[in-house]
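Architecture and fold: a report
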Amino acid sequence: MNLSSPDTNPECLFCRIVAGDLPADVVRRDERVVAFRDIDPKAPVHVLVVPVAHYPDVAALAAADKDLLADVVRVGAEVAADECDGQFRLLFNTGRAAGQSVFHVHGHVLGGRSMQWPPG
Ligand code: 5GP
Ligand code: ZN
């Protein structure tokens, strides 16, 4: 099985944001990971953390490059340390039934308010 991913997908919204072809409020960027504010925030802090490389979801990323997945988690924690005392919810909607609407893996970093459990 070939687990590699094409680096970018010109049809993909988040590839276009990563490339700078579409505007976004970027809060962190390095060679492998970009973090930018969600356009429709669900909490005072709502930042999306994405790998530069295109993988459709977190399962594909975990199968292909666990170090890159760890980088995504680390950057999410760094954003939360900066913006909400390091207390945050990190979630990856995976599949349409789970609420995924953009098929370039992204961790939602949510913080800055009390969270309910279980989520809806
Ligand atoms: P999903 O539903 O796939 O888990 O999350 C996709 C997220 O991307 C949503 O929270 C949505 O508000 C956000 N989003 C969709 N389009 C854009 C956009 O053009 N720019 C930014 N910054 N966020 C977007
Ligand atoms: Zn993409």
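That block above? That's the structure.
Rules used throughout
Residues numbered from 1 in each chain as written. Chains lettered and ligands numbered in written order. Predicted model: local features only at pLDDT ≥ 70, side-chain atom pairs only at ≥ 80, totals over all residues. Heavy atoms only, no water. Donors = N, O, S within 2.8 Å, 3.2 Å for Na, K, Ca; no water. Tetrahedral: all angles 85-135°; square planar, octahedral: opposite > 155°, others 65-115°. Helix = DSSP H or I, 4+ residues; strand = E, 2+ residues; numbered from the N terminus. Buried < 20%, exposed > 50% of the residue type's maximum accessible area, 1.4 Å probe, protein only. Salt bridge = Lys/Arg side-chain N within 4 Å of Asp/Glu carboxyl O. Contact = heavy atoms within 4.5 Å.

**Points about the coordination of the zinc ion (ligand 2)**
Donor atoms from the polypeptide that coordinate the zinc ion (ligand 2) comprise Cys12 (SG), Cys15 (SG), His54 (ND1) and His104 (ND1), at 2.0 to 2.3 Å from the metal. What the four donor atoms of the zinc ion (ligand 2) show is an angle range of 107 to 116° at the metal, which sorts the shape as tetrahedral. We note that the donor set of the zinc ion (ligand 2) lies within a single chain, spaced as C-x2-C-x38-H-x49-H. With Cys12 in the segment before helix H1 (13-18) and His54 in the loop between strand S3 (45-51) and helix H2 (58-64), this pair connects stretches of sequence that are 42 residues apart. Using a relative accessible area of 7% as the deciding quantity, one classes Cys12 as buried.

**Observations regarding the pattern of salt bridges**
Side chains carrying opposite charge are able to pair once their charged atoms draw close together. One pass over the structure, following the stated rule, counts nine salt bridges. Here Asp30 and Arg74 are joined by a salt bridge, their closest N and O atoms 4.0 Å apart. Note that Asp30 is positioned in the loop between strand S1 (26-29) and strand S2 (33-37) and Arg74 in helix H3 (residues 66-83), a separation of 44 residues in sequence. On the basis of relative accessible area, Asp30 is assigned to the partly exposed category, the value being 35%. Overall, the relative accessible area of 35% leaves Arg74 in the partly exposed class. Across the pair Arg32 and Asp71 runs a salt bridge whose closest N-O atoms are separated by 3.1 Å. Pair noted here: Arg32 is in the loop between S1 and S2 and Asp71 is in helix H3, with a separation of 39 residues, a long-range link.

**Details of the environment of Gly112**
Within the secondary structure, Gly112 is located in the segment after strand S5 (107-111). For the pair Gly112 and Val75, spaced 37 residues apart in sequence, the C-alpha to C-alpha distance is 17 Å. The contacts of Gly112, once residues within four sequence positions are left out, are Pro44 and Cys84.

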